[in-house]
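Each chain, letter by letter, is given below.
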Amino acid sequence: MATFVDRVVLHLQAGDGGHGCVSILREKFKPFGGPDGGNGGHGGSVYLTVDPGAHTLLDFHFKPRIKAQNGKGGAGGNRDGANGEDLVLKVPNGTVVLSPSGEVLADLVGVGTTFELARGGRGGRGNAALANSRRKAPGFAELGEPGDRLDAVLELKSVADVGLVGFPSAGKSSLISVISAAKPKIADYPFTTLVPNLGVVQAGEHTFTVADVPGLIPGAATGKGLGLEFLRHIERTSVLVHVVDTATLEPGRDPLADIDAIEAELSAYGGLEDRPRLVALNKIDVPDGRDLAEIVRPDLEERGFRVFEISTATREGLKELSYAMAELVEESRAAKPVLEPTRIVIRPKAVDDDGFTIEQDGEGVYVVRGVKPERWVRQTNFDNDEAIGYLADRLAKLGVEDALAKAGAEPGAPVRIGEREFDWQPTVYAGKAYVPGNRGTDIRIDEALSTPRTSASERLAARKARRVHQDVEGEWSAADIDE
């Protein structure tokens, strides 16, 4: 069984954030200790990092379901919950991360490259963190935010400088075994190589890597044989080498026809037209093979190919081929642009960006979209009236209430924020003065309340008016006494 896997589908789940704690300090001689509920810990995230010791995606093939650690809940005594541990997955160099629809999310090239694939949920705040001048002892806490849940596709594209292509049993595995320290499986039957092999080649002062791609046959670009499965491994190569068997006994086979067939498949796969080509006429240690190589060499050179007659058995011509590959690799490296350090791009928020949008769908539901309102809804305990009132205050402060009214929403209109859908009732009096009651309750959302409560500013203005009236009456009384 082959132990090389170059494509897997992962089912990822980042850690959920821990819930905040609702707690009131109760100690002797501290009758009004106040809230002391701690915050929940953040959930762990899932990261991918390029590791030099990873060469295959085999581990993920057997364990495709990945779950990071959840954050712990907060506790009384202002004790915050522990954060969930991040999960770091080691992947080979050249791994491409795709969405299920085929969108490229990341191209991981270079040892140490890291990508956050699934973000952990935020921990909910405890009632100690939610206390303010109006809510001195909140009877609620925020729920932990769920972590990301998604599917992702990992594809491995080998990072090599030279790609060896050719028909099965052309001698590609033998070639890479004699010019490098790689030890691929070699046998005298087709499709011996079932997985790509990588080898490091030293040619003078130059060092480069060579990829031995499993044998291609006509129709490989459309899925026939093993070609479509492994053609991706030559996408990153700088040089392609046609390895041709000049001693084959198969009818209808000759070097020119083999190269034409392989070129047709490379053209059908696409994206490889600009790669320089070399031709290695292999097995010239066989007399018939040497004679055929001498016959077809002028025709190949006429097509613009650099041709090398080699024998992996006697190692004839391998030095010249290695130096030719090194020369083309160095030319390709020199032509590539100089890598610059990644620039940090700061994109400030637009001054007219409210942070949310409101649209009406085909069913008449007003859909509110935005990072903040959706997160607030996820972290709200809808079994707690005080928590609902706090959410209404936050949405009103953000401008959602006014925006709904401008959008034409009437009382009772369906509104959806995130996964929660409810009937909009402005009788909640969002943004009005909060009146403390029993913990966990909010009098403003009592449906029996028939008239709106006066706001704090209105009550303050009324008190000032009464004081001015009292002061005026006192001055008139003193004037009457003097007279």
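A. Molecular detail of the overall build of the chain. Per the secondary structure count, the chain includes 11 helices and 18 strands. Burial statistics for the chain: of 483 residues in total, 43% are counted as buried. Nonlocal contacts in the chain, meaning residues at least 24 apart in sequence, comprise 70% of its contacts between residues at least 6 apart.

B. Here's a closer look at the sheet that holds strand β17 (residues 414-417). Strand order in the open sheet formed by four strands is β15-β16-β17-β18, and the pairing between neighbours is mixed. Strands at the two margins of the open sheet, each flanked by one partner only, are β15 (357-360) and β18 (420-423). Ignoring which end each strand starts from, the neighbouring axes of this sheet average 25° apart. Where β15 meets strand β16 (residues 366-369), four bridges bridge the pair, whose relative direction is antiparallel. Paired with Gln 360 across the two strands is Tyr 366, which belongs to β16.

C. Examining the packing of aromatic side chains more closely. The full count for this structure, using the stated rule, is one aromatic pair. For the pair Phe 140 and Tyr 390, a centre-to-centre distance of 5.2 Å together with 45° between the ring planes defines the contact as tilted. Of the two residues, Phe 140 sits in the loop between α2 (127-130) and β8 (149-156) while Tyr 390 sits in helix α9 (residues 385-398), which places them 250 residues apart along the sequence. Its relative accessible area of 3% is what places Phe 140 among the buried residues. On the accessibility criterion, Tyr 390 (13% relative accessible area) is buried. Positioned over the ring face of Phe 382 is Arg 420, at 4.0 Å from the centre of the ring.

D. Quick look at the sheet that holds strand β7 (residues 114-118). Strands sit in the order β4-β2-β7 across an open sheet of three strands; the sheet is mixed. At either margin of the open sheet sits one strand with a lone partner, and together these are β4 (87-91) and β7. Strand-to-strand twist of the sheet, defined as the mean angle between neighbouring strand axes without regard to direction, takes the value 30°. Pairing analysis gives five bridges linking strand β2 (residues 46-50) to β4, with the strands arranged parallel.

E. Focus on the pattern of salt bridges. The tally for this structure, following the rule as stated, stands at 21 salt bridges. The closest approach of N and O atoms between Arg 7 and Glu 155, which form a salt bridge, is 3.1 Å. Note that Arg 7 is positioned in strand β1 (residues 7-13) and Glu 155 in strand β8, a separation of 148 residues in sequence. Among the ionic pairs, Arg 119 bridges to Glu 116, the shortest N-O distance being 3.2 Å. Look at Arg 119 and you get exposed, because its relative accessible area is 53%.

F. Structural detail: the nonpolar core. Grouped together as the largest cluster of nonpolar side chains are 24 residues, with contacts concentrated most on Val 162, Phe 208 and Val 241. Sort the elements by how many residues they give to this core and helix α7 (residues 318-335) lands first, with seven residues. Look past the residues within four positions of Val 162 in its chain and what remains in contact with it is Phe 208, Thr 209, Val 210, Ala 211, Thr 237, Val 239, Val 241, Met 325 and Val 329. In terms of nonpolar packing, the next biggest core, distinct from the first, is built from 21 residues, Leu 12, Ile 66, Ala 118 and Leu 156 among them.

G. Summary view of the pairing of β17. Only one face of β17 is buried, namely the one carrying Val 415 and Ile 417, since none of Pro 414 and Arg 416 on the opposite face is buried. Across three bridges, the pairing between β16 and β17 is parallel. Along β17, the bridge assignment pairs Val 367 with Arg 416. Once β17 ends, the chain turns through two residues before running back antiparallel as β18, passing Gly 418 with a positive phi of about 65°.

H. Quick peek at the packing of helix α3 (residues 172-179) against α7. Interhelical geometry of α3 versus α7 gives an angle of 85° and a closest axis separation of 11 Å. Classified by the angle their axes make, α3 and α7 are roughly perpendicular. Every residue of α7 that contacts α3 at Leu 175, Val 178 and Ile 179 is listed here: Leu 318, Leu 321, Ser 322 and Met 325. Residues belonging to the contact of α3 with α7 are distributed by class as follows: six nonpolar, one polar and no charged.

I. Representation of helix α6 (residues 287-302) within the structure. Counted at 1.5 Å a residue, the expected span for α6 with its 16 residues is 22 Å, and the 24 Å between its end C-alpha atoms agrees. In α6, a bend of some 35° at Val 296 exceeds every other bend along the element, and Pro 298, a proline, comes one to four places later. Buried within α6 are the following residues: Gly 289, Ala 293, Val 296 and Leu 300. Against the buried residues of α6 lie α5 (255-269), β13 (277-282) and β14 (306-309). Phi turns positive one or two residues past the end of α6, at Gly 304, with a value near 100°.

J. Molecular detail of the confidence of the model for the chain. For the chain, per-residue confidence averages 80 on the pLDDT scale, and residues scoring 70 or more make up 78% of the total. Strand β3 (residues 65-67) holds the highest mean pLDDT among the elements of the chain, 94, whereas helix α4 (residues 227-230) holds the lowest, 50.

K. Seen up close, α9. With 14 residues, α9 should cover 20 Å at 1.5 Å per step; its first-to-last C-alpha distance of 20 Å lies within 8% of that length. Extensive coverage of α9 is indicated by the burial of 10 of its 14 residues. Residues Glu 386, Ala 387, Gly 389, Tyr 390, Leu 391, Ala 392, Asp 393, Arg 394, Leu 395 and Ala 396 constitute the buried set of α9. Buried residues in α9 make contact with α2, α8 (371-378), α10 (400-406) and β17. Looking at where α9 begins, the residue whose side-chain oxygen comes 2.9 Å from the main-chain nitrogen of Glu 386 is Asn 384. Just downstream of α9 lies Gly 399, where phi reads positive at about 105°.

Thresholds, definitions, all that
- Residues numbered from 1 in each chain as written.
- Predicted model: local features only at pLDDT ≥ 70, side-chain atom pairs only at ≥ 80, totals over all residues.
- Heavy atoms only, no water.
- Helix = DSSP H or I, 4+ residues; strand = E, 2+ residues; numbered from the N terminus.
- Buried < 20%, exposed > 50% of the residue type's maximum accessible area, 1.4 Å probe, protein only.
- Contact = heavy atoms within 4.5 Å.
- Pairing = 2+ DSSP bridges.
- Axes fitted to C-alpha atoms, helices over the stretch in contact; angles between N-to-C directions.
- Phe/Tyr/Trp six-rings, centres within 6.5 Å; stacked < 30°, edge-to-face > 60°.
- Lys NZ or Arg CZ within 6 Å of the ring centre and 35° of its normal.
- Salt bridge = Lys/Arg side-chain N within 4 Å of Asp/Glu carboxyl O.
- Core = buried A, V, L, I, M, F, W, Y, C linked by side-chain atoms within 4.5 Å.
- Parallel < 35°, antiparallel > 145°, perpendicular 65-115°, else oblique.
- Nonpolar A, V, L, I, M, F, W, Y, C, P; charged D, E, K, R; others polar.
- Expected span 1.5 Å × (residues − 1).
- Bend = angle between axes of the 7 residues up to and from the residue.
- pLDDT = per-residue confidence, 0-100.
- Polar contact = N/O pair within 3.5 Å; in protein donor to acceptor, adjacent residues only side chain to side chain.

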